[in-house]
Amino acid sequence: MSEQQLFKVTIDNITVEVAPGTTILQAARKIGGDVAPPAMCFYSKLKGSGGKCRTCLVEVAAGSAADPRPMPKLVASCRTTVMDGMVVKNITSERVIDARKGVVEFLLLNHPLDCPICDQAGECHLQDLGYEHGSEGTRYAFDRRTFKREDIGPYIQLHMTRCILCYRCVFTAEQVTNTRVHGVLDRGDHAAISTLIGKSIDNDFSGNVIDVCPVGALTDKTFRFKNRVWFLKPMNAHRDCDKCCGRVTLWNRGDEVFRVTARKDEWGEIEDTPDGKTGWICNTCRFEKKNTSDWIIEGPRKIDRHSVISQGHYVDVVRPKETLPEVMGRNPRLLMDIHSVSQVNRPEVKLSELPGPAHSGDFKKPTNGSANVDNQ
């Protein structure tokens, strides 16, 4: 049997060989780094995704070796397949950089400045795009569209104000879960993600829509306002689950498990399992198994993406040896225990187990035998 012919494509002066039918975006990801265009809507695990956000626009300087004429307009790299001898410009094209700035400005027209309070902060693709290609101001002089927060299931809250209509959650519900009860309603500026009247997302794999959302539009209600991702330590773990693959990332702070997510690769997409299947996880693993005893810990997860999550996440680092006991001949004495003198610290309160966001009332010690009432 003859070997499959490979196409040679040059992206930003780097040549790579790929199979026929490969898109420009996938070819660029084989090279990696800044050569790979950003993508807010494309998701390789979801059929039909891509072509909506336009952040992956590139310039085709030569269509192929047989027809080296350039394409007159910028094309979406997630939807355009490569040809043998194709020459593509991404970060080396001023047209692409200028167009990408315009696309980012368009995406931010109605997007609120919620980064200081958004749970997606630190792992938000739109935050990265805004930092790299956004401007310090906006030319938009009209009122932004706003929506009320909506509980679309027992574990998921929708912030439609933050949504960029990438359709990832719709494709996930349609292709991963048994039923889809949400989608895009209305058209144009009124388009919004919502559920059917009287319906809620409550199937066993509904939590995966949180993982695929590139912004903070779909949030985990069990994790809301509990902690910042750069204060947590991601750990690879697994368990025997009869519903899913059971391969997850635990986000710990000390011994507390604040959230459980599927494992993601450097492009923010869910990793494949060793048997080649997509590593979607069920709601039982995601929302109900919040103890380290529920899991077999494999070790710290390597942070591939350039993110603030990598700060303080030290892997294969040797801790310096304490020299003070050797110099003193004994261990230093503890002069003060912060938990005994502090008026606000309660070490017995575990943030990850609180039913909702933490408030000051959760840390007030009961006085005169009165019960503590949480602030709502």
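As shown above, the structure is provided for reference.
About the thresholds
Residue indices begin from 1 for each chain and proceed along its sequence in written order. Side-chain atom pairs in this predicted model are given and counted only at pLDDT of 80 or more, local residue features only at pLDDT of at least 70, and totals for whole chains, interfaces and linings cover all residues. Hydrogens are left out, water is left out, and the side-chain values use all remaining heavy atoms of the structure. A run of DSSP states H or I qualifies as a helix once it reaches four residues; a run of E qualifies as a strand once it reaches two. Both are numbered from the N-terminal end. Surface accessibility in these figures is a Shrake-Rupley result with a 1.4 Å probe; residues are shielded only by whichever protein chains are displayed. Here the positive residues are Lys and Arg and the negative ones are Asp and Glu; neither His nor the chain ends is included. The atom standing in for a charge is NZ when the residue is Lys, CZ when it is Arg, CG when it is Asp and CD when it is Glu. Only protein atoms enter the calculation, which uses a 1 Å grid: trapped sets of points that fit a 1.4 Å probe without letting it out are cavities, open sets showing protein on both sides within 12 Å along at least five of seven lines are pockets, and any residue with an atom within 4 Å of a point is a lining residue. Grid points are joined across faces, edges and corners, and a volume is the space filled by probe spheres set on the points. Polarity classes work like this: nonpolar for Ala, Val, Leu, Ile, Met, Phe, Trp, Tyr, Cys and Pro, charged for Asp, Glu, Lys and Arg, and polar for all others, with Gly in that last group. Strand pairing requires that DSSP identify at least two bridges connecting the strands. To define axes, lines are fitted to C-alpha atoms, for helices over the stretch in contact only, and angles between the resulting N-to-C directions are given on a 0 to 180 degree scale. Put simply, a salt bridge is a Lys or Arg side-chain nitrogen that is within 4 Å of an Asp or Glu carboxyl oxygen. Any residue under 20% of the maximum accessible area for its type is buried, any over 50% is exposed, and the rest in between are partly exposed; the area is computed with a 1.4 Å probe on protein chains only. Note on terminology: pairs of cysteine sulfur atoms within 2.5 Å are recorded as disulfides. Here a polar contact is recorded for every N or O atom pair within 3.5 Å, except that within protein the pair must consist of a potential hydrogen donor and a potential acceptor, and residues adjacent in sequence are included only if both atoms are side-chain atoms. Contact definition: two residues touch when any of their heavy atoms are within 4.5 Å.

Q: It is not clear to me how the overall build of the protein chain should be interpreted in this structure. Could you clarify?
A: In terms of regular secondary structure, the protein chain is built from 8 helices and 14 strands. Structurally, the protein chain occupies a C-alpha span of about 85 × 60 × 50 Å along its principal axes. Per element, the accessible surface of the protein chain, about 21600 Å² overall, is 51% carbon and sulfur. Looking at the protein chain, you have 51 positive and 48 negative side-chain charges, and the mean spots of the two groups are 2 Å apart.

Q: So what exactly am I meant to see when it comes to unusual backbone geometry here?
A: Among all residues save glycine, negative phi is the norm, and among peptide bonds the norm is trans. Phi is positive for D12, which is not a glycine, with a value near 50°. Within the secondary structure, D12 is located in the loop between strand 1 (7–11) and strand 2 (14–18). Even without being a glycine, F225 presents a positive backbone phi close to 60°. Within the element layout of this structure, F225 appears in the loop between strand 10 (218–220) and strand 11 (233–238).

Q: Help me out: how do you make sense of empty space enclosed by the protein in this one?
A: If you walk through the whole model with that rule in mind, you get 3 cavities of 30 Å³ or more. For the largest cavity, the calculated volume is near 580 Å³. Taken together, 37 residues make up the lining of the largest cavity; nearest its centre are E123, W251, R259, K264 and I309. Those elements giving two or more residues to the lining of the largest cavity turn out to be helix 5 (208–212), strand 10, strand 12 (247–253), strand 13 (256–262) and helix 6 (283–288). Considering each element in turn, the lining of the largest cavity owes the most residues, 4 residues, to strand 13. Split into classes, the residues belonging to the lining of the largest cavity amount to 14 nonpolar, 8 polar and 15 charged. Quantified by volume, the second largest cavity comes out at close to 90 Å³. Taken together, the residues that form the lining of the second largest cavity break down as 13 nonpolar, no polar and 1 charged.

Q: Quick question: what am I supposed to make of the sheet that holds strand 11 here?
A: Adjacent strands of a sheet pair through backbone hydrogen bonds, lying either parallel or antiparallel. The strand order across the open sheet formed by 4 strands is 13-12-11-14, and the pairing between neighbours is antiparallel. Looking at strand neighbours, the two that pair on one side only are strand 13 and strand 14 (296–300), the edges of this open sheet. Taking each pair of neighbouring strands and ignoring which way they run, the sheet shows an average axis angle of 35°. Pairing geometry for strand 11 and strand 14, over 4 bridges, is antiparallel.

Q: Would you mind showing me how to read the pattern of salt bridges here?
A: Side chains that differ in charge, positive against negative, can pair when their charged atoms come close. Here the structure, examined in full by the defined rule, presents 13 salt bridges. A salt bridge links R95 to E59; the nearest nitrogen and oxygen atoms lie 3.8 Å apart. Remark: E59 occurs in strand 3 (residues 57–62) and R95 occurs in helix 2 (residues 94–107); sequence separation between them is 36 residues. Classification of E59 as buried rests on a relative accessible area of 15%. In this structure, R301 and E271 form a salt bridge, with 2.5 Å as the shortest nitrogen-oxygen distance.

Q: How do you make sense of the state of the cysteines when you look at a structure like this?
A: Two cysteines, two sulfur atoms, one covalent bond between them: this is a disulfide. Under the counting rule described, the total for this entry stands at 0 disulfides. Residue C213 stays outside any disulfide, its sulfur separated by 6.0 Å from that of C166, the closest cysteine. The exposure class of C213 is buried, given its relative accessible area of 9%. Cysteine C245 remains unbridged, with the sulfur of C244 as its closest cysteine sulfur at 5.2 Å.

Q: Please clarify how the side chain of R301 should be interpreted in this entry.
A: Here R301 shows up in the loop between strand 14 and helix 7 (324–328). Classification of R301 by relative accessible area gives buried; the value is 9%. Of the polar contacts made by the side chain of R301, one reaches the side chain of N236; its length is 3.0 Å. In this structure the side chain of R301 is engaged in a polar contact, spanning 2.5 Å, whose partner is the side chain of E271.

Q: Just to check I follow, could you spell out the sheet that holds strand 1 for this structure?
A: The 5 strands lie next to each other as 2-1-5-3-4, forming an open sheet whose pairing is mixed. Only two strands of the sheet have a single partner each, and these edge strands are strand 2 and strand 4 (75–76). Sheet contacts for helix 1 (residues 24–31): strand 1, strand 2, strand 3, strand 4 and strand 5 (86–89); angle to strand 2, the most-contacted strand, approximately 115°. Along the sheet, helix 2 makes contact with strand 3 and strand 5, crossing strand 3 at roughly 160°.

Q: Before we go on, may I ask you to explain the layout of surface pockets in this structure?
A: One simple way to see leftover space: roll a probe sized like a water molecule over the atoms. One number sums up the size of the second largest pocket: a volume of about 610 Å³. Around the second largest pocket sit 30 residues that line it, and L108, L113, G130, G134 and S135 are the ones nearest its centre. Broken down by secondary-structure element, the contributors of at least two residues to the lining of the second largest pocket are helix 2 and helix 3 (125–133). Split into classes, the residues belonging to the lining of the second largest pocket amount to 11 nonpolar, 11 polar and 8 charged.

Q: What is the right way to look at the environment of Y140 in this model?
A: Checked against the element boundaries, Y140 lands in the loop between helix 3 and strand 6 (150–151). Along the backbone, Y140 and L108 are 32 residues apart, and their C-alpha atoms lie at a distance of 9.7 Å. Setting aside anything within four residues of it in sequence, one finds Y140 in contact with L109 and N110.

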